[in-house]
Amino acid sequence: MKIIHISDLHFPTQIPIFKLRGKSIIGYANYFLRRRKKHALGLIHSLISEISNMEYDVLIISGDLTNVAVEEEFKSAKEWLLPILDDRTFIIPVNHDRYKKESIHPEPLFEKYFEPYIGESLSEKFYLRRKIISGKTLIGWDSNKPLPIAKANGFIPEEVVVETQKITGDEYILVCHHPIWNPGQYVESNGHKMVNRKLITTLINKKPPMLYFHGHSHSNWIKKPGIQIPYHVINSASSTRP
């Protein structure tokens, strides 16, 4: 099986200043002044064009399609991704896609624009999605919620792991935005990491996936199975890295 994994595209979208409120003003200013040039349009276009001409079985997009989760950003992201959105695509929402409360209530904007590609919901209380592609079960978690400025932490309720293990077989692929492991040179700050990842890693090991795909760090690595984490951990980079 051939799997393509991309993440943290942060599609550049111009937003009128009058549509920004509170945290979004600072977040968009940070993007516009500091991060905008890093997510080059040419590189994003080349990436999507390359994927659209490839043969593969599954395309995983582990989130961060937007910057401050304004509706115009979701519209723009979908337009950019249309050439590679089909039945082989599996997408999850992440911290920038849940940047503020208005991105979730009264209507979750991520689901509004990407519902056909996020799989079926398996829980009334938690975000727990399943999609079967080419005979493989993909599970999607949402480790995000709106947080104060300068915070990008993740959190997975224990119940999500328990429910996942009840409905999956021995072979499944898990997709979540936050890392559960980092190489020594990429230690995450307290304001950036999944706050309960040690617990979640322990719980996952009761019925581990074949593969764990994530993003968030804007760097790429692959961890091979070991004693403490007996499955591959695969991190895509971002549109800042060719």
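Our structure is the block above this text.
Residues numbered from 1 in each chain as written. Predicted model: local features only at pLDDT ≥ 70, side-chain atom pairs only at ≥ 80, totals over all residues. Heavy atoms only, no water.

**Here we look at the packing of aromatic side chains**
One pair of aromatic rings is described through two measures. These are the centre distance and the angle between the planes. Per the counting criterion, the structure on display carries five aromatic pairs. Summarising the aromatic geometry, the rings of Phe74 and Phe110 are spaced 6.5 Å apart at their centres and angled 85 degrees between planes, so their arrangement reads as edge-to-face. Taken together, the residues Phe74 in helix α3 (residues 71–81) and Phe110 in helix α4 (residues 109–114) connect sequence positions 36 residues apart. Each member of the pair, Phe74 as well as Phe110, is classed as buried. (Phe/Tyr/Trp six-rings, centres within 6.5 Å; stacked < 30°, edge-to-face > 60°. Helix = DSSP H or I, 4+ residues; strand = E, 2+ residues; numbered from the N terminus. Buried < 20%, exposed > 50% of the residue type's maximum accessible area, 1.4 Å probe, protein only.)

**What to know about the pairing of strand β8 (residues 211–214)**
Going residue by residue along β8, you find Leu211 and Phe213 tucked away on one face and Tyr212 and His214 tucked away on the opposite face as well. Note that strand β7 (residues 173–175) and β8 share three bridges and pair parallel. Pairing of Ile173 across the sheet is with Leu211, part of β8. Looking at chain direction, β8 and strand β10 (residues 232–235) are connected through four bridges and run parallel. Residue pairing across strands places His214 opposite Asn235, the latter belonging to β10. (Pairing = 2+ DSSP bridges.)

**Remarks on the sheet that holds strand β3 (residues 89–91)**
Pairing is parallel in the open sheet, where three strands are placed in the order β1-β2-β3. The outermost strands of the open sheet, each flanked by one partner alone, are β1 (3–6) and β3. Averaged over all pairs of adjacent strands, the angle between their axes in this sheet comes to 15 degrees, without regard to strand direction. Inspection of the sheet shows strand β2 (residues 58–61) paired to β3 by three bridges, in the parallel sense. Residue pairing in the sheet places Leu59 in a bridge with Thr89 of β3. (Axes fitted to C-alpha atoms, helices over the stretch in contact; angles between N-to-C directions.)

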